[in-house]
Amino acid sequence: MAKMWAGRFKKEVDSKVNDFNSSISFDAVMYENDIKGSIAHATMLGKQGIIPKEEAKLITDGLEGILKDIQKGDLQFDMTAEDIHMFVEAELTKRLGATGKRLHTARSRNDQVALDVRLYLKEETLNIKKLTAELVDTIIKIAAEHTQTVMPGYTHLQRAQPITFAHHIMAYAWMLLRDIDRLNDTYKRMNVMPLGSGALASTTYPIDREYVSELLGFDMPTQNSLDGVSDRDFCIELANTIAMLMMHLSRFSEEIIMWCSWEFKFIELDDAYSTGSSIMPQKKNPDIAELVRGKAGRAIGNLTTLLTMMKGLPLAYNKDMQEDKEAIFDSVNTAKLCISTFIPMLKTMRVLKDNMRNAAARGFINATDCADYLVKKGLPFRDAYKITGTLVAYCIDNNKTLESMTIEEYKNAHELFGDDIFDAISLDSCVRGRNVLGGPAPEAVKEQIKNAEQKLKELK
Ligand code: ARG
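Residues numbered from 1 in each chain as written. Predicted model: local features only at pLDDT ≥ 70, side-chain atom pairs only at ≥ 80, totals over all residues. Heavy atoms only, no water.

K.L.:
Before we go on, may I ask you to explain the overall build of the protein in this structure?
P.N.:
The number of helices and strands found in the protein is 19 helices and six strands. Its C-alpha atoms give the protein a radius of gyration of 31 Å, more than 25% over the compact-globule value 23 Å for 460 residues. The buried share of the protein, reckoned over its 460 residues, is 51%. Put simply, the protein shows about 22500 Å² of open surface, and 53% of that area lies on carbon and sulfur atoms. On the protein, the mean spot of the 58 positive side-chain charges and the mean spot of the 65 negative ones are 1 Å from each other. (Helix = DSSP H or I, 4+ residues; strand = E, 2+ residues; numbered from the N terminus. Rg over C-alpha atoms; globule rule 2.2 N^0.38 Å. Buried < 20%, exposed > 50% of the residue type's maximum accessible area, 1.4 Å probe, protein only. Areas by Shrake-Rupley, 256 points an atom, 1.4 Å probe, with all protein chains shown as cover. Lys, Arg positive; Asp, Glu negative; His and termini not counted. Charge placed at Lys NZ, Arg CZ, Asp CG, Glu CD.)

Rendered as structure tokens:
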């Protein structure tokens, strides 16, 4: 494709350089945003009398036509074009002749691309938010069914204290609610309109930036033309928000992978959301969860790419910034793909309650409660802790559990032990007893679920 800026040059650009320089292979996805941005710009140029009103109308109609033709598949992108902006403008000029050439008045590709990326990412931020909200909703619904499903809670991956499955997975709902909060925040700072910044120093034409900002649904125009064209904070913030979200999904995935193993067998994934092995007939692998865990690496990598790309750039625009798109688009696509696969995987997963309960019944998960029992009978906690420790050691030596010891054995350890010890250390009382705000007791978790539903409504 002939270069718009060819006038200054005596030679054609080397074809390798042309390919190297071109971004159309990855920025063509912004065609709709580019065209809508141009329509708003041309409308403003006409309103301000910067170009004749009739020509502005021809331009906006021409742009609408190009948009329709691309959507219908009647117009293909020219992969030799430098970028999507050049492609649309050249196509317009092909269709309208001289009038098409008026579109780029009072504009530079620098403010144009800053606008297009914002428009594109605003939409995608909302898409990711919607999917994340659906995921939170899915988790809440599963949790509501499992407020009585006792399982071991872990620290250091060692059985620690009994909790419920509802309580465990609600932890992820809260992480994701914070991610939605961060998406909202990211959107807010992304929602400023850079057109009118020109190449770097704005323009001498009497443009109306507020009008363009309003037409395109932004909060307000950017306040400094240098910053307007060279700010990519919004890409970095979104990449960060996505990296955090993916880190959360990756932790959840790691647990799903463990829970599926024969060693745990706390859940079983649906056949439709698992895969087999090409050699081992018995295998059913949690590939989706593994891929989500793996893809979190890309999201973190993209954030690093963007921060590193920006950190040395002098004001204002530099071509390095063309590298923003592949990184942030990949983060966006990765997040959407992962969340939308994760939701049905969770929805179809079977929870193996008995296995969870059996695991909770081993590993002296009620030892804290045994110590607390003595404390409630008047012993200082440190003494109670020590006595319980000797009891656990005794059980291990004699192949017993705290539940299977006799009352005589308890009494030998301390005279404060009575028959009510067995009830105090039963799994259900251990869980029910932790009835504080944020605790695993069924009543507390029901309250937590209500609060999470409320929070989700507020953030939506
Ligand atoms: N394709 C370019 C990008 O993505 C558009 C802006 C080009 N501006 C320039 N002065 N060469 O950043």
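Still more ground to cover, so stick around.
K.L.:
How should I be thinking about helix H12 (residues 324-347) in this particular structure?
P.N.:
Owing to its 3.6 residues per turn, the α-helix brings residues three or four apart onto one side. Helix length check: H12, at 24 residues, gives a terminal C-alpha distance of 35 Å against a target of 34 Å (1.5 Å per residue), a fit within 8%. H12 sits mainly inside the fold: 17 of its 24 residues count as buried. (Expected span 1.5 Å × (residues − 1).)

K.L.:
Help me understand the packing of helix H7 (residues 165-190) against helix H19 (residues 442-459), please; the structure alone is not making it clear to me.
P.N.:
A pair of packed helices is characterised by two quantities: the angle between their axes and the separation of those axes. Relative orientation of the contacting elements H7 and H19 amounts to 15°, with a least axis distance of 10 Å. In this view, H7 runs roughly parallel relative to H19, as classed from their interaxial angle. Handedness of the crossing formed by H7 with H19: left-handed. On H19, the residues touching Ala166, His167, Met170, Trp174, Leu177, Ile180, Asp181 and Asn184 of H7 are Val445, Gln448, Ile449, Asn451, Ala452, Lys455, Leu456 and Leu459. (Axes fitted to C-alpha atoms, helices over the stretch in contact; angles between N-to-C directions. Parallel < 35°, antiparallel > 145°, perpendicular 65-115°, else oblique. Left-handed = near helix turned anticlockwise from the far one by under 90°. Contact = heavy atoms within 4.5 Å.)

K.L.:
How should I be thinking about the site of the ligand in this particular structure?
P.N.:
Surrounding the ligand, one finds Ser23, Asp83, His85, Arg109, Asn110, Val113, Tyr317, Gln322 and Lys325. Between the ligand and Asp83, the relevant distance is 3.0 Å, taken from a nitrogen atom to a side-chain nitrogen or oxygen of the residue. A total of 350 Å² of accessible area belongs to the ligand in isolation, and the protein chains cover 86% of it. Looking at which element gives the most residues to the shell around the ligand, the answer is helix H6 (residues 109-144), with three residues. A per-class count over the shell around the ligand returns two nonpolar, four polar and three charged. (Near = heavy atom within 4 Å. Polar contact = N/O pair within 3.5 Å; in protein donor to acceptor, adjacent residues only side chain to side chain. Nonpolar A, V, L, I, M, F, W, Y, C, P; charged D, E, K, R; others polar.)

K.L.:
Looking at this structure, how should I read the packing of aromatic side chains?
P.N.:
The description of an aromatic ring pair rests on the distance of the ring centres and on the angle between the ring planes. Following the criterion strictly, the structure yields twelve aromatic pairs and no others. An angle of 55° between the planes, with centres 5.8 Å apart, marks the rings of Tyr31 and Phe77 as tilted. With Tyr31 in helix H3 (residues 31-47) and Phe77 in the loop between helix H4 (53-72) and helix H5 (84-96), the pair connects residues that are 46 residues apart, well separated along the chain. Classification of Tyr31 by relative accessible area gives buried; the value is 18%. Centre to centre, the rings of Tyr172 and Phe252 are 4.1 Å apart; their planes meet at 5°, and the pair counts as stacked. Of the two residues, Tyr172 is situated in helix H7 and Phe252 in helix H10 (residues 233-260); the sequence distance between them amounts to 80 residues. Phe252 matches Tyr172 in its accessibility class, with the two residues each being buried. (Phe/Tyr/Trp six-rings, centres within 6.5 Å; stacked < 30°, edge-to-face > 60°.)

K.L.:
Sorry, what's going on with the environment of Gln148 here?
P.N.:
With respect to the helices and strands, the residue Gln148 is situated in the loop between H6 and strand E1 (150-155). Given a relative accessible area of 55%, Gln148 falls into the exposed group. As for Gln148 and Asp111, which are separated by 37 residues in sequence, their C-alpha atoms are 57 Å apart.

K.L.:
How do you make sense of the pairing of strand E2 (residues 158-164) when you look at a structure like this?
P.N.:
Remember that side chains alternate between the two faces of the sheet whenever the strand is regular. The sheet contact formed by E1 and E2 spans six bridges and is antiparallel. Note on E2: the bridge partner recorded for Met151 is Ile163. The turn linking E1 back onto E2 is made up of two residues, and His156 within it adopts a positive phi angle of 55°. (Pairing = 2+ DSSP bridges.)

K.L.:
Can you walk me through helix H11 (residues 287-310) in this structure?
P.N.:
Look at H11: 35 Å from first C-alpha to last across 24 residues, which is about the 34 Å you get at 1.5 Å a residue. Against the buried residues of H11 lie helix H9 (225-230), H10 and H12.

K.L.:
Sorry if this is basic, but what is going on with unusual backbone geometry here?
P.N.:
Across the chain, the bulk of peptide bonds are trans and the bulk of non-glycine residues have phi less than zero. Ala316 follows Leu315 through a cis peptide bond whose omega is 0°. Positive phi outside glycine occurs at Leu157, with the angle close to 60°. Relative to the helices and strands, Leu157 resides in the loop between E1 and E2. You will see that Ser202, though not glycine, has its phi angle at about 65°, which is positive. With respect to the helices and strands, Ser202 occurs in the loop between strand E3 (192-193) and helix H8 (209-215).

K.L.:
What am I meant to see in the environment of Glu64 here?
P.N.:
You can see Glu64 is positioned in helix H4. Look at Glu64 and you get partly exposed, because its relative accessible area is 35%. Counting along the chain gives 32 residues from Glu64 to Glu32, while the straight-line C-alpha distance between them is 9.7 Å.

K.L.:
Looking at this structure, how should I read the nonpolar core?
P.N.:
Residues Leu121, Leu249, Ile256 and Trp259 are the most contacted members of the largest nonpolar core, which totals 110 residues. The leading source of residues in this core is H10, at 16 residues. In terms of nonpolar packing, the next biggest core, distinct from the first, is built from 18 residues, Ala371, Leu391, Cys395 and Ile407 among them. (Core = buried A, V, L, I, M, F, W, Y, C linked by side-chain atoms within 4.5 Å.)

K.L.:
Honestly, a nonpolar patch on the surface in this entry has me stumped. Any pointers?
P.N.:
Residues Leu200, Leu226 and Leu315 make up a contiguous nonpolar surface patch of roughly 270 Å² in combined accessible area. Relative to the elements of secondary structure, Leu226 occurs in helix H9. (Patch = residues over 30% accessible without salt bridge, like charges linked within 9 Å, V, L, I, M, F, W, Y side chains within 5 Å. Salt bridge = Lys/Arg side-chain N within 4 Å of Asp/Glu carboxyl O.)

K.L.:
Help me understand the pattern of salt bridges in this model?
P.N.:
Think of it this way: side chains of opposite charge can pair up when their charged atoms draw near. Evaluated as defined, the whole model comprises 32 salt bridges. Put simply, Arg109 and Glu82 hold a salt bridge, and the shortest N to O gap is 3.1 Å. Placement of the pair is Arg109 in helix H6 and Glu82 in the loop between H4 and H5, with a sequence separation of 27 residues. On the accessibility criterion, Glu82 (6% relative accessible area) is buried. The closest approach of N and O atoms between Lys94 and Glu91, which form a salt bridge, is 3.4 Å. You can see Lys94 and its partner Glu91 sitting in helix H5, three residues apart, about one turn around the helix. Look at Lys94 and you get exposed, because its relative accessible area is 68%. Residue Glu91 is classed as buried on the basis of its relative accessible area, which comes to 7%.

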